[in-house]
Amino acid sequence: MRNHLLVLLRNLQRDRLYAALNIAGLALAVACCLIVALYLRSELGYDRHNVKYERIFRVAARSQSAQTRYLEAQTAYALGPMLAAHYPQVQAYVRFTVVNILDAAGANAPLAIHHGADTYYWSQAYVTDANVFDVFDHRILYGDPKTALQAPGTVAVSETFARKYFGNANPIGQSLTTDLAPPFRITLVFADLPANSHLKYDVLFSGSQRYPFMEFGLFPDDPSRQRQSLWFANFSYTYLLMAPGFRAADWGRINDGFYQQFMAAEGLAKRAHWQSWLQPLAEVHFPAAGLREDLPTGNRTYLYGAASVALFVLAVACINYVNLATARATRRARAVGIRKILGESRGSLAVRFLGEAILFALIAVVLGIALAEVSLSLTPVSAFLDNQVHLDLVHEPALLGWLLTGGLLLGVIAGAYPALYLSGWAPLTALTTRQAAPQGARLRSVLVLLQFTISAAVIAGTLLMAAQMHYVATRPLGFDKENRLIVALRGLDEIAKVPTIRTELLKNRHVLSTTNTAIVMGRDVNPERSQAEKEDGSMADGLMIGHIDAGNDFIPSMGLRLLKGRNLPDKAFPGDQMPIVVNEALVREMGWTQPLGKRIVMWAAEIKRSGRVVGVVQDFNYASLHSQIEPLVIVPPRNVSDVPMPTGIRPYIEALLVVKISGDEVPSTIAYISDVMRRLDPAHPLDYTFLDGELDNLYRSDHQLAGLIGVLAIVCILIACLGVFGLAAFTTEQRSREIGTRKALGASTLQIILLLSRKILLLVLIAAVLATIIAYFAIDQWLAGFAYRAAINPLAFVLSALIAAGVAFATVAAQSYRTASADPVEALRYE
Amino acid sequence: MIIETENLRKVYRTDVVETTAVAGISFSLREREFVSVMGPSGCGKSTLLHILGLIDSPTEGRYRFLGEDVAGYPERRRARLRKANVGFVFQNFNLIDELTVYENVELPLFYAGIVTPERRKRVDAVLQQMDIGHRRDHFPAQLSGGQQQRVAVARALVNKPALILADEPTGNLDSEHGHEVMKLLMQLNEGGTSILMVTHAADNAAYSRRIVSLLDGRVVADQSKEH
C-alpha cells in the first residue's frame, strides 16, 4: 500500500501537466456540484428546522362558484380557532396576518415603525398568536417565549430589527409606535430566521388585541358574521399543529364535517362551494399550481434543472478523465507490459490505476471546496442562488465526510474504465505498441463529441436566454416606464392631501407630472368577479376582470394610448355611473363592436361598483411578459368615505403617487420630493421605488436562471478545454515524428496546427449540430413560460458553434504551437 | 531439458495480409547452455524469443517448457510459470521510470510473494553482484545506458530463474558497455544460468556456445562451438 501510494505521488510529480489538467477539471466539477448540492439542500430543506415540522400544516382553500374559482393560501382569521374548538385532532393553531391594507388593491404595504426619531419600513410584519414560539422553533436571544406575546401591546422582533434601532443593546421593554395601534412594547428578540424559511418575519405583533384593520375578519361576538367571514376575509396564513398520529388523508373528513356545520348553508345561498386542504409545512415552499399567495415560492422544475446541470458538469469532467487516461495509454503501456511480464496480475494493475483516479479525485475535492468558497464569496453566484448557499465545514464536519466519500466515489466512477482498459492489455501488446489501440481512439472521439455537445448546447442556451432577457427589457410595454417614481401614501389623511402634495411637487422643474393610483403596473391587478353588458344588452356573468383604480391623469401620465372615447373625467359621478376605461382585451373577450356605453358591474369583497365604458385604451403589459394581457378596466379611485369600514382602518389605506421626473439631476429631485413628503407627512419618511426597477423584479428568477446557465456555460467550456488541451498534448507527442517529417518537407507552422486540430474541429462541428437540437428543445420549453417571447434566433446556434470551435482551435493551437514551430530535427531526433 | 519445441509456428493475420513470423521451428535448450539466435531483421528471432519466454503463444506446434506442455496455456498460467522461471533482458532495458534501481530489481520478488526481509537480502546481493549497489536509490533516467542494462540484468537474475532470455541486450549500448554486458552474461552462464540470446551481431554471438541461425522464420543452421 505504501509502495502504491509512493509510486502514485511520483507519477503525479513526473507528469504534472496531466495531473494538473485532470485535477483542475475534476475540481471545477466538484465546486459546481457542491454549490448546487448545497442549494438543493437548502431548497428541499425549507422549514425543516422546526422540530415538529412533520405535524405542522398550512390550511389552503378552494372556493368556487359557477363563475369563479379561487385557490388561496390565506384563509379567514376565524378558521383556526373554529377548527381547534371542534376537532381534537387540531392540537394548536397559529395565524400570521399580514399588516395589510383593505383597499381593493390588497398590496402588502410595508409598515412604518418608529422609535424616537428613527423610522423604518418593514414588509415582514405580522400579527400572530401568543403560542407561535411553541409551535415554530426560534432561537431566542432575549425574552420569555412562553409569555412574550400574551399581553396586548407586545411585540417580538428579529435580531436585524433590534440592531437597526438599538445596535447591540438589549431592546426588551423599549417602545415602538406604528399606524397600527397604541405603542407596542418589545418583549422578545429572536435570531433571524434561517434563509430557507418560507415565511420570514422581522416583527410579530401580539394577536391578543383587536386591530382595526382586522375588523372585517373578526366578528368574535357574532357567529353568523364569523361564518360569513370564512368565505371572504382571507387575510391570514393559518397553520395547524396536528396531534401525533394524525394522517393527512383524514383531513377530507374533517373538512367535509366543518363545511357542513359552518358553511354549507351560506354556500347554498351563494351557489358556491368551499373546500380546504392541508399543505405539509415542508412542502409549502413548493405550492400547488394556481395557488394565490404573496410569499416567494420555489420551483421544483428549476431544482431538477439545477441538479441535471450539476450532473452534466460532473459527467463532462469524468469524460475528460477517461479521455486523458486512455490517451496516455501509450506512455503507461510499457510499464504495464513490464509489470505483467514480471508477474503482476490484472487485478493488481487495475487497483493501481483506480488508486490514481481516487487520489486525483480526493485532491480535486479539496481544491473544489476552496473554489466553491471563493465563488460564493467573490462572485455573483451566491446572489443568483438567493444567498441561500453557505459552506461552513467547521460547524458541519459531517459535510466534509460526505465530500470525501463523494470524492472516493468520483474517483471510482472516473477511473473504472481507464483501469480496466489499461490493465487489460496483453503483455506483449503493451510492450511493443507505439500508439493507442484504435478502439481507444474511437471512444475518445465519442467522449470529446459528448463534451462539446453539452458545452455548445449550454452556450446556445445562454445566448438565447440573454436574448429573451434583452427582449423583456426592451419590448415596448404600451406605457412609459422610464423616470417614474412610485411614492407610497399611507393613511387616508395623507391621501386626502394628494392635491396639495401634487401642487408642491410640481413646483420643481424636474417633476413633470404626477398621478395617483391604487396600484401600478407590475403589481397584482386583483381580478374581481364582474358582469359586463353583451351586444344584445343582456349581462354576461362570471367574468374576472382586473382593475386599476387611478386618477384621471393616469392614462396620459403613463403614456397609455386611448383608441376610442375619452379619458376618465376629473369630476364626481353618481354611484352607479362610474366612468370606466377598458383595454382591448376586454373588448375582444366581449366581442364588442361598439364598446362605448356598455355597462360593467364589479364586486370587491361584497362591495359593488358599476358604471359605463367611456374609453378604450390600447393593450399594455401591466403584468410580466410571462402572462397574456387579460381584460382590464381603469376606474376612478373609490371615494373611501363611501366605503363602509371602521374608522380605525383609515391609517392603513395606501395609495400611490406616480411621479414622472425629467431624468436630469435625479438625486436632487428625489431630495426635493423627500422634503415635500416630510413636511406634509412627518410620520412617514419617503418610501419610493422606480417603476422600471419594480418591473425588472418581475423577472428576477429568470435573470437568476440565465446567470446560472451562463456560469455553467463557462464551467463546461473550461472543462472541455482542459480535456482538449490534454488530448492535444498527447496527440502532438505521438505524432512528433510525423510533424518533423512534414516540416522537413516544407509544411508551415499554421499547416501543422490545422493538421492537428482538424479532427477535433470536425468533432466540434458534429457536436454543434447535436447541440442545436438539444438546445432548441430546451429553450423552447423555457420560453413556453413567457406569453411574449423573442423568436429563437438561429444565429445563436451558429455563434455557439463558432465559440466552441474557436475555443477548441485556440486550445489545440496553444498546445501544439511549440512543437509545430520547432526545428524539424528536434522532432526527428526524439524518435 | 529446459525448452523443447516441435514445428512451432506463429502466424499474424489481418483483414488483408497473413504474415508467418515463425514457420515451423523445432528447437531445444538444455540446462547451462548459452545459445545465440541470429538472423537478419524480420527473420522471426524476437517472435521466437517471445514465444519461448511465455510472453506470447504459438499458432501451431508443440512447446514443452521444463517438461510442461505450454503451447495452449492461457496468459494467467503462462504468467505463473514465467515469473518463477524466466528472467528477461531487453534491448531498451524496459526499466520502470517511476521506480528506483532498488525497486525495479525488487519487482519480480514482490510479484512472487517473497517477504520483505528476504527480498531486501536478495536485492542487495544481486545489486552487489552487478556492481550497481551504489546507485540503488537512483531512478533509471539518472543512469547511463550500461548501468541501466546492468540493473535490467540484476532484475532478470534476482529470482534465480531457470532461464534468462536476452533480446539484443547490447543494441542500445556503445561497444565498451556492450562488451561489459556480454561478459556479465558469460559469467552468469559459467555460474550455471541457462541463457538464450537474440542478436544480429556476430561479436555478441561469439560469447555463446551455440548459434542458431534463422531465415524467414526457419532454422537454417544450428552450430555448437568448441571453446
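Because the structure is a prediction, the values reported are computed rather than measured.

(A) The overall build of chain A, seen in detail. On a plain count of helices and strands, chain A comes out with 26 helices and 25 strands. By its C-alpha atoms, chain A is 100 × 60 × 55 Å across when sized along the principal axes. Counting every position in chain A, which comprises 831 residues, the buried fraction comes to 53%. Summed over all atoms, the accessible surface of chain A reaches about 35800 Å², with 58% contributed by carbon and sulfur. Positive and negative side-chain charges in chain A, numbering 74 and 67 respectively, have mean positions lying 11 Å apart.

(B) A look at the overall build of chain B. Of the regular secondary structure elements, chain B holds 7 helices and 10 strands. For 227 residues, the compact-globule formula gives about 17 Å, and the C-alpha radius of gyration of chain B, at 17 Å, lands near that figure. For chain B, the spread of C-alpha atoms along the three principal axes comes to 50 × 35 × 35 Å. Burial status across chain B gives 54% buried among its 227 residues. A sequence separation of at least 24 residues applies to 66% of the contacts in chain B between residues at least 6 apart. Summed over all atoms, the accessible surface of chain B reaches about 10200 Å², with 45% contributed by carbon and sulfur. The distance from the centre of the 28 positive side-chain charges to the centre of the 29 negative ones in chain B is 5 Å.

(C) Structural view of the confidence of the model for chain A. All names here are of chain A. On average, chain A scores 85 in pLDDT, and the residues at 70 or more come to 92%. Within chain A, the lowest mean pLDDT, 57, falls on helix H26 (residues 824-830), and the highest, 97, falls on helix H4 (residues 132-135). With pLDDT under 50 throughout, residues 101-106 is counted as low confidence; its partners more than four residues away or in other chains account for 24 contacts.

(D) Local environment of the pattern of salt bridges. Taken as a whole, this structure holds 39 salt bridges over all chains when the rule is applied. In this structure, the salt-bridge partner of Glu103 of chain B is Arg10 of chain A, at a minimum N-O distance of 2.6 Å. Residue Glu103 of chain B is found in helix H3 (residues 101-111), and its partner Arg10 of chain A is found in helix H1 (residues 2-14); the two belong to separate chains. Of the two residues, Glu103 of chain B and Arg10 of chain A, neither departs from the other in class, the shared state being buried. Taking the shortest distance from any N to any O, the salt bridge between Arg122 of chain B and Glu118 of chain B comes out at 3.2 Å.

(E) Structural detail: the interface of chain A and chain B. Contacts between the two partners involve 19 residues from chain A, matched on the other side by 22 residues from chain B. For the chain A and chain B pair, buried surface summed over both sides reaches about 1900 Å², with 59% attributable to carbon and sulfur atoms. The three residues of chain A that bury the most area against chain B are Ile341, Leu342 and Leu428 of chain A, which together make up 31% of that side's buried surface. Linking chain A with chain B are 4 salt bridges, by the criterion used here.

(F) Focus on the confidence of the model for chain B. Residues and elements named next belong to chain B. Predicted confidence across chain B gives a mean pLDDT of 89, with 99% of residues reaching 70 or more. Mean pLDDT values over the elements of chain B span from 85, in helix H2 (residues 75-85), up to 94, in strand E3 (residues 34-38). Two numbers describe this predicted complex: its pTM, 0.77, and its ipTM, 0.81.

(G) Examining the nonpolar core more closely. Residue and element names in this part refer to chain A. Ranked by size, the top nonpolar core spans 128 residues in total, and within it Phe452, Phe479, Met521, Phe554, Leu560, Phe620 and Ile634 carry the most contacts. Among the elements that line this core, the one with the most residues is helix H2 (residues 16-44), at 18 residues. Setting aside anything within four residues of it in sequence, one finds Ile634 in contact with Ile548, Ala550, Phe554, Ile555, Leu560, Leu568, Pro579, Ile580, Val581, Val617 and Phe620.

(H) Main features of the packing of aromatic side chains. Using the criterion set out here, one finds 30 aromatic pairs over all chains in the structure. Measuring from centroid to centroid gives 5.6 Å for Phe96 of chain A and Tyr239 of chain A, while their planes differ by 85°, and the two rings are edge-to-face. Here Phe96 of chain A is found in strand E4 (residues 90-98), whereas its partner Tyr239 of chain A is found in strand E13 (residues 234-242), with 143 residues between them in sequence. Just as Phe96 of chain A is buried, Tyr239 of chain A falls in that class too. Pairwise contacts between aromatic rings join Phe96, Tyr126, Phe133, Phe136, Phe190, Tyr201 and Tyr239 of chain A into one cluster. Residue placement shows Arg95 of chain A over the ring face of Tyr77 of chain A; its charged tip is 3.8 Å from the ring centre. Sitting over the face of the ring of Tyr73 of chain B, Arg77 of chain B holds its NZ or CZ atom 4.0 Å from the ring centroid.

(I) Seen up close, the packing of H2 of chain A against helix H22 (residues 700-734) of chain A. Residues and elements named next belong to chain A. The interhelical angle for the contact between H2 and H22, taken along N-to-C directions, is 165°, at an axis separation of 10 Å. Relative to H22, the element H2 lies roughly antiparallel. Remark: the crossing between H2 and H22 carries left-handed chirality. For the pair H2 and H22, the contacting residues are Leu17, Tyr18, Leu21, Ala24, Gly25, Leu28 and Ala29 in the first and Val715, Leu718, Ile719, Leu722, Phe725, Gly726, Ala729 and Phe730 in the second. Considered class by class, the residues forming the contact of H2 with H22 number 13 nonpolar, 2 polar and no charged.

(J) Representation of the side chain of Lys45 of chain B. Residue and element names in this part refer to chain B. By the element assignment, Lys45 lies in helix H1 (residues 45-52). Despite its burial, Lys45 pairs with no opposite charge, the nearest such side chain being Glu168 at 4.3 Å. A polar contact is formed between the side chain of Lys45 and the backbone oxygen of Gly39, at a distance of 3.1 Å. In this structure the side chain of Lys45 is engaged in a polar contact, spanning 3.4 Å, whose partner is the backbone oxygen of Pro40. Every residue in contact with Lys45, bar those within four places of it in the chain, is listed here: Val37, Met38, Gly39, Pro40, Glu168, Val198, Thr199 and Leu214.

(K) Quick peek at the sheet that holds strand E10 (residues 218-224) of chain B. Residue and element names in this part refer to chain B. In space, the 6 strands of this open sheet follow the order E6-E7-E8-E3-E9-E10, with mixed pairing throughout. Both outer strands of the open sheet, strand E6 (86-89) and E10, are each paired with one neighbouring strand and no more. Shown here is a sheet whose adjacent strand axes are inclined to one another by a mean of 15°, direction ignored. Its contacts with the sheet put H2 on E6 and strand E7 (163-167), and the angle it makes with E6 is roughly 75°. Those strands touched by helix H6 (residues 175-190) are E3, E7 and strand E8 (194-198), and its axis lies near 150° from that of E8.

(L) Broad picture of helix H13 (residues 397-423) of chain A. Residues and elements named next belong to chain A. Its 27 residues give H13 an end-to-end C-alpha distance of 37 Å, which sits within 8% of 39 Å, the value for a rise of 1.5 Å per residue. The sharpest bend along H13 measures roughly 45° and falls at Gly415, with the proline Pro418 sitting one to four residues further on. Considered for burial, the residues of H13 that qualify are Leu399, Leu403, Gly407, Leu410, Gly411, Ala414, Gly415, Pro418, Ala419, Tyr421, Leu422 and Ser423.

(M) Structural detail: the side chain of Thr517 of chain A. Residue and element names in this part refer to chain A. Turning to its location among the elements, Thr517 is positioned in strand E16 (residues 511-517). Judged by its relative accessible area of 2%, Thr517 is buried. A polar contact is formed between the side chain of Thr517 and the backbone oxygen of Asp549, at a distance of 3.3 Å. Once residues lying within four places of it in the same chain are set aside, the contact partners of Thr517 are Ile548, Asp549, Ala550, Phe554, Ala655, Leu656 and Val658.

(N) Inspection of the state of the cysteines at higher detail. Summed over all chains, the structure comprises 0 disulfides over all chains. The closest cysteine sulfur to the non-disulfide-bonded Cys721 of chain A is located on Cys716 of chain A, 11 Å from its own sulfur.

Parameters at a glance
- Residues numbered from 1 in each chain as written.
- Chains lettered and ligands numbered in written order.
- Predicted model: local features only at pLDDT ≥ 70, side-chain atom pairs only at ≥ 80, totals over all residues.
- Heavy atoms only, no water.
- Helix = DSSP H or I, 4+ residues; strand = E, 2+ residues; numbered from the N terminus.
- Buried < 20%, exposed > 50% of the residue type's maximum accessible area, 1.4 Å probe, protein only.
- Areas by Shrake-Rupley, 256 points an atom, 1.4 Å probe, with all protein chains shown as cover.
- Lys, Arg positive; Asp, Glu negative; His and termini not counted.
- Charge placed at Lys NZ, Arg CZ, Asp CG, Glu CD.
- Rg over C-alpha atoms; globule rule 2.2 N^0.38 Å.
- Contact = heavy atoms within 4.5 Å.
- pLDDT = per-residue confidence, 0-100.
- Salt bridge = Lys/Arg side-chain N within 4 Å of Asp/Glu carboxyl O.
- Buried area = accessible area lost by both parts, 1.4 Å probe.
- Core = buried A, V, L, I, M, F, W, Y, C linked by side-chain atoms within 4.5 Å.
- Phe/Tyr/Trp six-rings, centres within 6.5 Å; stacked < 30°, edge-to-face > 60°.
- Lys NZ or Arg CZ within 6 Å of the ring centre and 35° of its normal.
- Axes fitted to C-alpha atoms, helices over the stretch in contact; angles between N-to-C directions.
- Parallel < 35°, antiparallel > 145°, perpendicular 65-115°, else oblique.
- Left-handed = near helix turned anticlockwise from the far one by under 90°.
- Nonpolar A, V, L, I, M, F, W, Y, C, P; charged D, E, K, R; others polar.
- Polar contact = N/O pair within 3.5 Å; in protein donor to acceptor, adjacent residues only side chain to side chain.
- Pairing = 2+ DSSP bridges.
- Expected span 1.5 Å × (residues − 1).
- Bend = angle between axes of the 7 residues up to and from the residue.
- Disulfide = S-S within 2.5 Å.

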